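# Structural overview for review
Here's the letter readout for the chains.
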Amino acid sequence: APLLEITSGAVQHGFPSNDLPPSPPPPPPDPREVLEPLRLSTYQLSVLIPMLQGAAPSAILSVESCVSILQQAAALAGSRALPHAWLSLLPSQLSSLVSLFDRHGCGFIDWRGVA
């Protein structure tokens, strides 16, 4: 607890044993999202999920349909709907990427695994 010290006739608030008051805590980290090159951002998810839900409310979607939706998203004005690295993919490469989520090799995916 702070002690009252009298020095040179002036009253100063001090701390015992020359202790300094505690430092204020550091500011919280910046809330900005750290983007990884191949991952979907929160914004991108907010664009893609309604598109995917509209096409497949049950979440089961053909690989071809998913690729088509991703291509539509890439064509949106501003092209912020997909990670930058995805925008340069050829349709066959995009299909290969989506096929990684086809765990049973049946040509269908659960789009929730992509989003």
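Residues numbered from 1 in each chain as written. Predicted model: local features only at pLDDT ≥ 70, side-chain atom pairs only at ≥ 80, totals over all residues. Heavy atoms only, no water.

## Examining the overall build of the protein chain
Helices and strands together make up the secondary structure of the protein chain, namely five helices and four strands. Ordering the α and β elements of the protein chain from the N terminus gives β-β-α-β-α-α-α-β-α. Burial status across the protein chain gives 23% buried among its 115 residues. Pairs at least 24 apart in sequence give 55% of the contacts found in the protein chain among residues at least 6 apart. (Helix = DSSP H or I, 4+ residues; strand = E, 2+ residues; numbered from the N terminus. Buried < 20%, exposed > 50% of the residue type's maximum accessible area, 1.4 Å probe, protein only. Contact = heavy atoms within 4.5 Å.)

## Thoughts on the pattern of salt bridges
Following the criterion strictly, the structure yields one salt bridge and no others. Put simply, D110 and R112 hold a salt bridge, and the shortest N to O gap is 2.6 Å. The exposure class of D110 is partly exposed, given its relative accessible area of 28%. Classification of R112 by relative accessible area gives exposed; the value is 53%. (Salt bridge = Lys/Arg side-chain N within 4 Å of Asp/Glu carboxyl O.)

## Here's the deal with the packing of helix α1 (residues 42-55) against helix α2 (residues 63-75)
In contact at an axis separation of 10 Å, α1 and α2 are set at 145 degrees when each is read in the N-to-C sense. Considering only the axes of α1 and α2, their crossing is right-handed. Here α1 contributes L48, M51, L52 and A55 to the contact with α2, which in turn contributes C66, I69, L70, Q72 and A73. Looking at the contact of α1 with α2, its residues break down into eight nonpolar, one polar and no charged. (Axes fitted to C-alpha atoms, helices over the stretch in contact; angles between N-to-C directions. Left-handed = near helix turned anticlockwise from the far one by under 90°. Nonpolar A, V, L, I, M, F, W, Y, C, P; charged D, E, K, R; others polar.)

## Things to note about α1
With 14 residues, α1 extends 20 Å from end C-alpha to end C-alpha; this agrees with the ideal 20 Å at 1.5 Å per step. Along its buried surface, α1 packs onto β3 (60-62), α2 and α5 (111-114). (Expected span 1.5 Å × (residues − 1).)

## Let's talk about α2
Look at α2: 18 Å from first C-alpha to last across 13 residues, which is about the 18 Å you get at 1.5 Å a residue. Considered for burial, the residues of α2 that qualify are V63, C66, V67, I69, L70 and A73. With its buried residues spanning 160 degrees around the axis, α2 presents them on a single face. Residues E64 and A75 are exposed on α2 and point more than 90 degrees away from its buried face. Packing partners of the buried residues in α2 comprise α1, β3, α3 (84-87), α4 (91-99) and β4 (108-110). (Arc of directions from axis to C-beta.)

## Some thoughts on the nonpolar core
Within the largest apolar cluster, 21 residues are counted, with the highest numbers of intra-cluster contacts made by L48, L52, L61, C66, L70 and V98. Counting only elements with at least two residues in this core, the list comes to α1, α2, α4 and α5. Leave out the neighbours within four places in its chain, and V98 touches V63, C66, V67, L70 and I109. (Core = buried A, V, L, I, M, F, W, Y, C linked by side-chain atoms within 4.5 Å.)

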